[in-house]
Structure formats: structure tokens, C-alpha cells
Amino acid sequence: MSSTNGTRPVRVTVNGTVHEATVEPRTTLSELLRSQLGLTGTHVGCEHGVCGVCTVLIDGKAVRSCLTLAVQVDGSEILTVEGLAAADGTLHPLQEAFSAEHGLQCGFCTPGFLMAVYALLTEKPDAGEDEIREVLGGQLCRCTGYQSILRSVMRAAAQFRESKLEWVR
Amino acid sequence: MSLDCLPVTERRWIGRDVVRVEDRSLLTGRTRFIDDVVLPGMLHCAILRSPFPHARIIQIDTSRAEALPGVAAVVTGADALAWCQPARSTPEGWGLRCLASDTAHFVGEPIAAVAAASRAAAEDALEAIDVEYEPLEPVTDPFRAMSGDSPLVMEGKGTNVMFHRVFTWGEVDAAFAGAEHVFTEKFRWNRVGANPTETFGTVCEWDPGTLELCVYGSIQAASSAALGCAGTFGIPSSKVTVKSQHHGGSFGGKGGARGIVVASMLSRKAGGRPVKWIEDRSEYLVAGGGQAWDRHYEASIAVSGGRVTALSVTLVDDLGASGEGFGALGAAKPLAAFTGPYEIPTARYDLSLVATNKTPVFPYRGMGPPPHFFVLEQMMDIAARALEIDPAEFRRANFIPADRFPYTIPSGNEYDSGNYGEVLDAALSLAGYAELRREQEEARKQGRLMGVGVVSTVEPGVFDWNAYAIVGMPQTGVPEGATVSIDILGSITVRVGFSMEGQGQYTLVSQLVADYFHVDMDAVSVVQLDTRSAPPSFGPGGSRLGVAISAAVLGACQRLTGTLRRVAAALLRAPEDQIELWDGNFVLKDRSGGALSVAKVAATMLARSDLLPPGVDPLPEATYVWTAPGRTPADDEGRAKSYLTAAQAVHVVVVEIDPDTGVVEILKYAVADDCGVRLNPATVEGQLDGSIAQGIGAALYEEYVYDEEGQPLVATLADYLIPTINEIPVTQKTAVVTPSPFTPLGAKGCGEGAIHTTPAAVMCAINDAMAPRGVLLTEVPASPQRVWKTIREANR
Ligand code: FES
Ligand code: FES
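Residues numbered from 1 in each chain as written. Chains lettered and ligands numbered in written order. Predicted model: local features only at pLDDT ≥ 70, side-chain atom pairs only at ≥ 80, totals over all residues. Heavy atoms only, no water.

It is worth spelling out the sheet that holds strand β2 (residues 55-61) of chain B at this point. Residues and elements named next belong to chain B. If you trace the three strands from one edge of the open sheet to the other, you get β4-β2-β6, paired in antiparallel fashion. Two strands close off the open sheet at either side, each with one partner strand: β4 (103-104) and β6 (130-135). Two strands pair when backbone bridges link them, and β2 and β6 are joined in this way by six bridges, in the antiparallel orientation. Residue pairing for β6: I60 is matched across the bridge by V131. (Pairing = 2+ DSSP bridges. Helix = DSSP H or I, 4+ residues; strand = E, 2+ residues; numbered from the N terminus.)

Here it is as C-alpha cells:
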């Protein structure tokens, strides 16, 4: 159902909350989240699919929200970085691991890393270093040189294998 | 000096790995970056850019764009001519206005800009602006640019040579004439740059009522930006407020001055509505602050008896189409460490800064020494190879001895302290150097190209403006201030003038204050003030802020303690000089009598005027502004005591080259680093890791490529290859600690040392690998194609 000026209604569940919005066909998912829904934790670093800073989960899969059109996600469940910590502010174990291992400096890339790793570990709890590196290879960080990010993720993965339930959002 | 100056029995925070105070809001997506800022009535800006490297602008017609729905304002070069001055620049007089009016000087130069209800509407409106250009011959080769028959980048200047001077330190000609050996080589360093994951962005508001300008932005140096705005618009600096948002990295190359001026003009034209401009990645790559160091070198060293006696460096530095990015500072900074860690008595620097029709260059982490050390360290290896001396031992023989510090180098700067031999030993043993050479011998027997690079550099830390005096920065001193304040409930707030950009400086402030007053880190809050409220502040840059802000905070704590002690003395009925602060309490030095907590004393000051001693204000607060002591103005050969500290590092890198593809693989990476006392060791390690990764990018992958006509061939992150985790080796690291005698806590600047060293080390390893083939690669980055071609030469 498209209106005369080309806009379309979409209905999405983001971090458990249902939203209805009207978007232009060219509106990207990152724009919908950031500008229309006020969820600015998802950042944009390149808008051309390389940096991975904008990564969010759509129905459990990690995607680049800068390359996804808002109209494509009608009816989907989306998880963004704002959905990781508990309602009372307790950090998600993955966030705790990044803090403990200094896996962030400026933190601009961090939401993308968190969401990419969350998708990997919830899908493949036994992911080893090679699989983790493969996923991290799709995300750019200009500050850390990645060493501390790898340590963060290895720590989180070990923790996840022990206590899956705390993890899943 | 040392951490022992803190008034506590045991330090709980400073000098230890602590969890950063910055992390929680970053990890939950709550930190407000510039693109998250939304003001009422805000418009969005898009910029029309020149598609030509050099062109006459015959005419611009904006009428169609102005008529589009949602478009609130359009500005062109005519507005820039009416409202602003050209950008300040180094060298002086080589700045351009924010929008081109008659000539376009590089691809991506802003020509016009639109403010509209949405970014999409603004971008659509750009397509309705009609510009007629007459392409001119571009100037792209700096050597041609210097010749008499070249077209001119800026016609009014009459030349493309922005600056040329020869600096001579000591009897350098005699040293070359009398040397047993002289080695000479040419080198090329191609453009690389910062590329933080967040590009530049700003929201500007020109208040038509007060005629004041308010700028929010992802700005590295807020106070400089404020002064720049005042100068550009010709308004009093007291009418400009800059508030830097927390931002996603900078590395010197955030850029943004043009964006601020353009957005401010649009706000003015749109009746004062705030205007947001967010640079997109392609704009950043083509015409942002991310390009640095486009350099052509020729270098010579003289060697007698295994000692280097002279160093001569000729640099032709292509600064692009203007001096607005202050890229020239990067050609001046090598003076602070011209001869590296070596005792080289004489030196010469023949420096030309040249304009071409390429994007203006900007600073980048390291600010110039990374290419300089790439050159110096290749020369050290060239000499060692020719003289058949082990490169590590050749370096050791030339090191400044540990008993010679403080040591003044020929180009004038003074190194505070160091023990270079110890750092070398630490690196060699960490890497297993002797064993590596045996492995290499085996590999060579099998015809494999395995190489080892051993490189040592000095990182000048805590910059001062006098370091850049030769290219027109006459000031001396870079003050950094902090205010420490205690409220009636004993909570402590520290007010500073810079935003967070990744180095964890708010954590450092909290660590230091928490230990000083013996409270938990949670009890300390760090608050950023804007440029009209903050004490003098420069912010991060030049491996400076850790030392500067810790010195400022320490000074403020001590000053505040002095005030509190007067009150405590009155309350304890003891002479002031008998009282000291210890573990968070004011006590008698002989420990007789009672104790009063800092919180209690502060609360008494604010709540009990009846108990306040005469002459003491009810203000438990102190401000201290620190600047590096002992800095000297530059003399007529540019010599100055500029950078306060000199950290030193040795990197050992092992590579193997695939001769069929030219691909370089890093097999091992070991680092020994001496940056003095480490205030937060995990943060220092993070600085090393990040800086090594950028160095590897510069050595192997990253390059801003232009074609011969001056068209940039890099417009996306698929063209500009920032290393991913899979290009960065796991490094081994070890620390040597030689405290700085000149900084309050003994720390040295540490943010740039690795990028000074890594490109040189990787290139030395590559050339060591190819040495049996008798070839040398003198150009970075060592892309597979360049390496492969170099190996082919050997086979011919
Ligand atoms: S912003 Fe989406 S991949 Fe870079
Ligand atoms: S922490 Fe700054 S880009 Fe990753």
C-alpha cells in the first residue's frame, strides 16, 4: 500500500517495542532507526556497506542497516545496541566483556561489533577463534588495532558457553 | 617525576588497569555523537563540489534550487566573498575561502551549499544548481609545479612554491666530505591519512539577535576552531561558542573547518535556524581532512668507523591546493626528532612545500615523523647492509648513550630521558632475535624471501607550538587547564575543556583525582565545558593530553588542598604548616589530634560561614592551567626546545614475501616501548595497538591514489584499504620505564610512537627479505604490485 507521494507505512518490532512509521522508498533502515525512531545508538560510518558500524539484527541475522531499505523490514523483528543491556541498566555480558578487555576506544564502531558478535554467538555458541575472526573481519575499527576486541570476544564467548540464558534478548 | 607525589599510603587507581568511565554510555549506545544532535528548527546541509581539479567557474545559477520545496537557503562563492576571509593557513597567505568563487582548485572543493528540511531534500537541490566550468590545466606533479613553466594553483601568488628553506645544523658539509662512506637514496611516501570511523559533522547556529555563533561538532581542538571562526567571519572571539561533541576518533585528521563556515553561513542566510552538516564518507575521502604526507625524499648519511656523522634530508612535500589543513606542520615536526635515537652530530634539512591541484593535506597521527623515520631507518639499514654490520648492532653503536640525557639534538630539541640500549635488548630478546636470524638463514637456503626489520625511533611527546615555528607558528606554550570542585556533599567534579575521542582521558582524570583525595573513582565526575566557559585548553593532539591534563589536574588538586588546609587548620586549631592531607583526611603531621575528611572541610566552607576563617572564600574549588616548562623560542635555524618528552621504542618485525604475488605476510611483531610512567597501562597498550595497526595500513595497504590529471581514484572504503583484524598480527609487547624528569608524574607522550616506528620497521623487513636479490623498495605502501615489480627487476 503506497501513498500518492510514494511514502509507505511500515510496522517493525525494535528491541521488543512495536513501531509504526511512514517512510519514503529511499529511506534506509539506519535512517528509520536513527531519525524516525530516535534510536541513535546505531551509527553510520560509510553508508556503502564496508565499515560495518551500522550492523543490527533483523530476525536474528546481522545486516548492514545502511544498505537495507526501511520498506524491506516491514513485519520484522529488529535488535539494536539499545536492546542489549537489561531494562535496569545492567550491561549485557558481551558489553561487560568489551569494557573489561578495553575492546573500545572512541566507541563509534562498538555497536556494530557488539551486534555482529551477538549474532554469531547466538547462532553458533561454539564458534572458535577462526569463525570469530571471520565475523570481526567484516567490521572496521580505526582505534584499537583489534587486539583488545578479539580478547573481548573470546572472553564473551567463553562466558556465553557457560550461561546461555543470560544472553539471549 | 613520579606517582609518589600523591598523598596516599597506597594508590588504588592511577598506574593501574582500570575500567574506563567512558565505556558504559558508549556500550549502550547512549553517548551523543554529533549526528545524534537534533535542535528545534534544524535544517540539513549538502555541499556541491567541483568535479575538476582545476577550472574557471564561469557562472553559477542557483535559482532552480532555491525554488524547490523545503530549501531554506543556498550559498555560493559570492556569499563567501561577502562574509568571510580565506582560511588561516600554514604557510601564511595560502588559505582558500570555504566556497570557491572564480577558480576551483581541487576535485571536491566546495562550490555551493544548500540548507533544506532534510538531507535528502538538500542533496536533491544540489542537482538543480547549474555551474558552468572552463577546465584549466591541472598541476599534479610537485617537481613540475616548482618549475617556471607550470600553471599556477593560486594565480595571485605567482609561484607554486609555498615555502623553501635549507636548515643546516653543524658542519654538515665537512662531515660528508671527510666521511669514509656516504650513502644516498630517494624515497617516495604516498598519501595516507586518518579516516576515523566517524567523519566530520557539525551543527551551527548564527543567532541574528545577539549576532553570536554557536557551533557543535566532532571537533578535535575546540578552542582553535573557535578562534578560526572568529577570524574567518571577522567577529569577536567572545561571540563564538564551540562545543565539541564526544567523537568517533580523530587522529589529527578530523578536518571540518570549511564545513563549519559553510553551515554557519547557511544558518545566517536562513534567519538563524540551526544547520547540520554531516560529511559522508566519500566526501571525507575525496576532500575531507583525511589526506596527509605526499612526500618525495632524497637522503644521505655519512658513516665513519661505524658511526653516523651526518644526515641530510631533502623533502619535497606536496601540500595540495592550499595550506588550510595545516599539513605543513607535519614537515616541521621532524625537527623535534630529526636524528631519531642516534647521536648524529650534524644534519641538514632542505625543505620545499609545494602547491598542486590535489586535496589539501591535513595532520595525521604522528604529524610528519612517520615518513621521516621511514627514510632515516631505511638509510640505517642501507649503510648496515653495505658495511656488513648487523642492523641491530649498527643502531646500538649509534644510540645516544643513557648517561647523556637530557640530550639536545642538532635540530634543537631536547630529549628528556631514555635508555635506548635497554629497550633494544628487551625487544631483541622478546623477539628471539638470534634465533630469527638462524631461521632466516634456513629460509634463504630454500630460496624463501624472509626478512627481519629492527627499527628504533623517538616519539616527541607533549607538543608545543614552537616546534612549528619554521612554517609560521610563532607561539610558545600550549596551556591546558582543569577546575576541581567539591560540593557540599563531598562529591567531586572536574571541569575540562575537551571532549572524549577515545584515549580515555576522562578515566585518567578520575583515576588521578580519586587517588589524590582517596575516594572511589565513581565519586569523581568529569564535565566538559564549551570554549567560552572552559579554562584555557587545547585538547588532544601531539601526544600531549595525558601529560598535560594530569599535570593540570594535579596542580588543581594541590591548589585546592592549600585552601582546604587553611580551613582545616582553623577547625583543628593547629598551625597550618603542621597539617597535611593524607588518605583523604587533614591530619597533624605528627598524627596527634583528630582528623577531618576532605568532604567535611568542603562542606564546612559551604555551610558554616561562622566557622570560615577570615579571608577564605566559601569556594572549595581550584583551577590550574599547565603549560610545559622550559620551552624556548626557535632560533634562526629553527632550533627550539619544543616537545617536552621523548619516548622511545624498538620494533622487531618478521615478514615473508610471496615472490609470485608480491604479497607480504607479517609473521612476527615484537615491541619494546619506553614511554615513561604508565598512568593507565591498558590505555597505553591500546594506543600502541591502534597506532601499530595504522602503521601497518600505511606500510602495506592505504593510499590516496590520484591519476595524472588530478582526479582522485579513492572515493569509498573499498578503495582506501583500512586494515581489518585479518591484516593485523598479534603483537608481543614489553615495557621499559624511564620516568620523565620533566613531567609531574613521570609520564611521557605515548599516542604516536608506534605509527612513527611501524611503517619503517615493516619496510626494513621487506627490504631485508629482498636483500639477497639485490633490490630495494623505496616507496610506500608496499602493495603487492610494487613488491612484485621490485622483485621482477632483480630477475631482469
Ligand atoms: S555504515 Fe553501513 S557499512 Fe558502513
Ligand atoms: S573504537 Fe574507535 S573506531 Fe573502534
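Structure shown, so let's carry the discussion forward.
Turning our attention to the packing of helix α2 (residues 93-100) of chain A against helix α3 (residues 110-123) of chain A. Between two packed helices, both the angle of their axes relative to each other and the distance between the axes serve to describe the pair. Residues and elements named next belong to chain A. Across the interface, α2 lies against α3 with an axial gap of 10 Å and an inter-helix angle of 130°. Relative to α3, the element α2 lies oblique. The chirality of how α2 crosses α3 is right-handed. Every residue of α3 that contacts α2 at L94, Q95 and F98 is listed here: T110, F113, L114, V117 and Y118. Of the residues assigned to the contact of α2 with α3, the class counts are six nonpolar, two polar and no charged. (Axes fitted to C-alpha atoms, helices over the stretch in contact; angles between N-to-C directions. Parallel < 35°, antiparallel > 145°, perpendicular 65-115°, else oblique. Left-handed = near helix turned anticlockwise from the far one by under 90°. Contact = heavy atoms within 4.5 Å. Nonpolar A, V, L, I, M, F, W, Y, C, P; charged D, E, K, R; others polar.)

All right, on to the pattern of salt bridges then. Per the counting criterion, the structure on display carries 59 salt bridges over all chains. A salt bridge links D36 of chain B to R34 of chain A, with the nearest nitrogen and oxygen atoms 2.7 Å apart. Here the residue D36 of chain B occupies a position in the loop between α1 (23-27) and β1 (43-49), and R34 of chain A occupies one in helix α1 (residues 29-36), the pair thus bridging two chains. The exposure class assigned to D36 of chain B is buried, which follows from its relative accessible area of 9%. The partner of D294 of chain B in a salt bridge is K358 of chain B, with the nearest N and O atoms 2.9 Å apart. Separated by 64 residues along the polypeptide, D294 of chain B in the loop between α9 (281-287) and β13 (295-304) and K358 of chain B in the loop between β15 (346-355) and α11 (369-387) bring together distant segments of the chain. Judged by relative accessible area, which is 2%, D294 of chain B ranks as buried. It is possible to trace a salt-bridge network through shared partners that takes in R188, R191, D294, D318 and K358 of chain B. (Salt bridge = Lys/Arg side-chain N within 4 Å of Asp/Glu carboxyl O. Buried < 20%, exposed > 50% of the residue type's maximum accessible area, 1.4 Å probe, protein only.)

With that out of the way, let us pick up the domain arrangement of chain B. Residue and element names in this part refer to chain B. The domain architecture assigned to chain B consists of domain 1 (3-31 + 479-626), domain 2 (34-136 + 199-247 + 255-287) and domain 3 (295-467 + 633-795). Relative placement of domain 2 and domain 3: their C-alpha centres are 37 Å apart. Between domain 2 and domain 3, the residue contacts involve 21 residues of the former and 26 residues of the latter. Together domain 2 and domain 3 conceal approximately 1,800 Å² of surface at their shared face, both sides included; 62% is due to carbon and sulfur atoms. (Domains from an automatic or database assignment. Buried area = accessible area lost by both parts, 1.4 Å probe.)

What follows deals with the sheet that holds strand β21 (residues 524-528) of chain B. Residue and element names in this part refer to chain B. With mixed pairing, the four strands of this open sheet are ordered in space as β21-β20-β19-β25. Each edge of the open sheet is held by one strand with a lone partner, namely β21 and β25 (621-626). Going across the sheet, the axis of each strand differs from the next one's by a mean of 20°, ignoring polarity. With five bridges joining them, strand β20 (residues 492-496) and β21 adopt parallel strand pairing. Within β21, the residue paired with I492 across the bridge is V524. The strands touched by helix α15 (residues 505-516) are β20 and β21; relative to β21, the strand with the most contacts, the crossing angle is about 140°. The sheet strands contacting helix α16 (residues 545-572) are β19 (480-486), β20 and β25, and the helix crosses β19 at an angle near 40°.

As a further point, take the side chain of S300 of chain B. All names here are of chain B. If you trace the backbone, S300 turns up in strand β13. Under the relative-accessibility criterion, S300 is labelled buried at 14%. Discounting residues that sit within four places of it in the chain, S300 has contacts with F176, F183, T184, A310, L311, S312 and M379.

Here the focus is unusual backbone geometry. With the exception of glycine, most residues fall at negative phi, and the peptide bonds are largely trans. All names here are of chain B. Between T90 and the following residue, P91, the backbone shows a cis peptide bond with an omega angle of -15°. Examined against the element boundaries, P91 turns out to sit in the loop between α3 (77-83) and β4. Put simply, F405 and P406 share a cis peptide bond, and its omega is -5°. The phi dihedral of N195 is positive, around 50°, even though this residue is not glycine. If you trace the backbone, N195 turns up in the loop between β8 (181-189) and β9 (201-207). One non-glycine residue, D583, lies in the positive phi region at around 50°.

Moving on, we come to the nonpolar core. Residues and elements named next belong to chain B. Counting 184 residues, the largest nonpolar core has Y349, Y468, V652 and I766 as its most contacted members. Among the elements that line this core, the one with the most residues is helix α19 (residues 753-770), at eleven residues. When sequence neighbours within four positions are dropped, the list of residues in contact with I766 reads V655, I657, V664, L700 and A782. Ranked by size, the runner-up nonpolar core spans 61 residues in total, among them A514, I579, W626 and L644. (Core = buried A, V, L, I, M, F, W, Y, C linked by side-chain atoms within 4.5 Å.)

Residue and element names in this part refer to chain B. Those residues of helix α12 (residues 391-398) lying buried are P391, A392, F394, R395 and N398. Buried residues of α12 fall within an arc of 160° about the axis and therefore sit on the same side. Looking at where α12 begins, the residue whose side-chain oxygen comes 2.8 Å from the main-chain nitrogen of A392 is D390. (Arc of directions from axis to C-beta. Polar contact = N/O pair within 3.5 Å; in protein donor to acceptor, adjacent residues only side chain to side chain.)

On to the interface of chain B and chain A. A common way to express how large an interface is: the accessible area buried when the components associate. Listed per partner, the contact involves 55 residues of chain B and 42 residues of chain A. Each partner contributes to the roughly 3,800 Å² buried at the junction of chain B and chain A, and carbon and sulfur atoms together form 56% of this total. Where chain B touches chain A, the interface holds four salt bridges. The residue D35 of chain B makes a salt bridge to R34 of chain A at a minimum N-O spacing of 3.4 Å. Mapped onto the side of chain B that touches chain A, the elements with two or more residues apiece are α1, α4 (119-126), α9 and α18 (681-701) of chain B. Here the side of chain B that touches chain A takes seven residues from α18 of chain B, the largest share from any one element. Per-class residue counts for the side of chain B that touches chain A are 23 nonpolar, 20 polar and twelve charged.

Moving on: the confidence of the model for chain B. The pLDDT averaged across chain B works out to 97; a share of 100% of its residues lies at or above 70. Both scores are available for the predicted complex, with the pTM at 0.97 and the ipTM at 0.97. (pLDDT = per-residue confidence, 0-100.)

To continue, consider the packing of aromatic side chains. Residues and elements named next belong to chain B. Using the criterion set out here, one finds 23 aromatic pairs over all chains in the structure. Residues W189 and W293 carry aromatic rings whose centres are separated by 5.9 Å and whose planes lie at 70° to one another, so their mutual orientation is edge-to-face. Here the residue W189 occupies a position in strand β8, and W293 occupies one in the loop between α9 and β13, the gap between them amounting to 104 residues. As far as the burial class goes, W189 and W293 line up, both buried. (Phe/Tyr/Trp six-rings, centres within 6.5 Å; stacked < 30°, edge-to-face > 60°.)

Residues and elements named next belong to chain B. A contiguous nonpolar surface patch, about 310 Å² in accessible area, is contributed by I488, L489 and L606. Note on placement: L489 falls in the loop between β19 and β20. Exposure remark for L489: the relative accessible area of 74% places this residue in the exposed category. (Patch = residues over 30% accessible without salt bridge, like charges linked within 9 Å, V, L, I, M, F, W, Y side chains within 5 Å. Areas by Shrake-Rupley, 256 points an atom, 1.4 Å probe, with all protein chains shown as cover.)

Turning our eyes to something else, we now look at the domain arrangement of chain A. Residue and element names in this part refer to chain A. Each domain of chain A was delimited in the assignment, giving domain 1 (8-83) and domain 2 (93-163). The C-alpha centroid of domain 2 is placed 21 Å from the C-alpha centroid of domain 1. For the domain 1 face of the interface with domain 2, the top three residues by lost area are H43, V53 and V81, together amounting to 36%. The partner of K61 in a salt bridge is E123, and the shortest N-O contact between them spans 3.9 Å. Along the contact surface separating domain 1 from domain 2 lie six residue pairs in polar contact (both at pLDDT 80 or more). Secondary structure elements with two or more residues in the side of domain 1 that touches domain 2: β3 (55-58) and β4 (61-64). Class assignment for the residues of the side of domain 1 that touches domain 2 results in nine nonpolar, seven polar and two charged.

Quick look at the pairing of strand β23 (residues 585-588) of chain B now. Walk down a regular strand and you will see the side chains alternate between the two sheet faces. Residue and element names in this part refer to chain B. When strand β22 (residues 579-582) meets β23, the two strands line up antiparallel, connected through four bridges. Along β23, the bridge assignment pairs I579 with L588. Counting the residues in the hairpin turn of β22 and β23 gives two residues, including D583, whose phi is positive at 50°. Here β23 pairs with strand β24 (residues 595-597) via three bridges, running antiparallel. Its bridge partner being in β24, F586 is matched across the sheet by L596. The hairpin formed by β23 and β24 contains six residues between the paired strands, and R591 there has a positive phi angle of roughly 60°.

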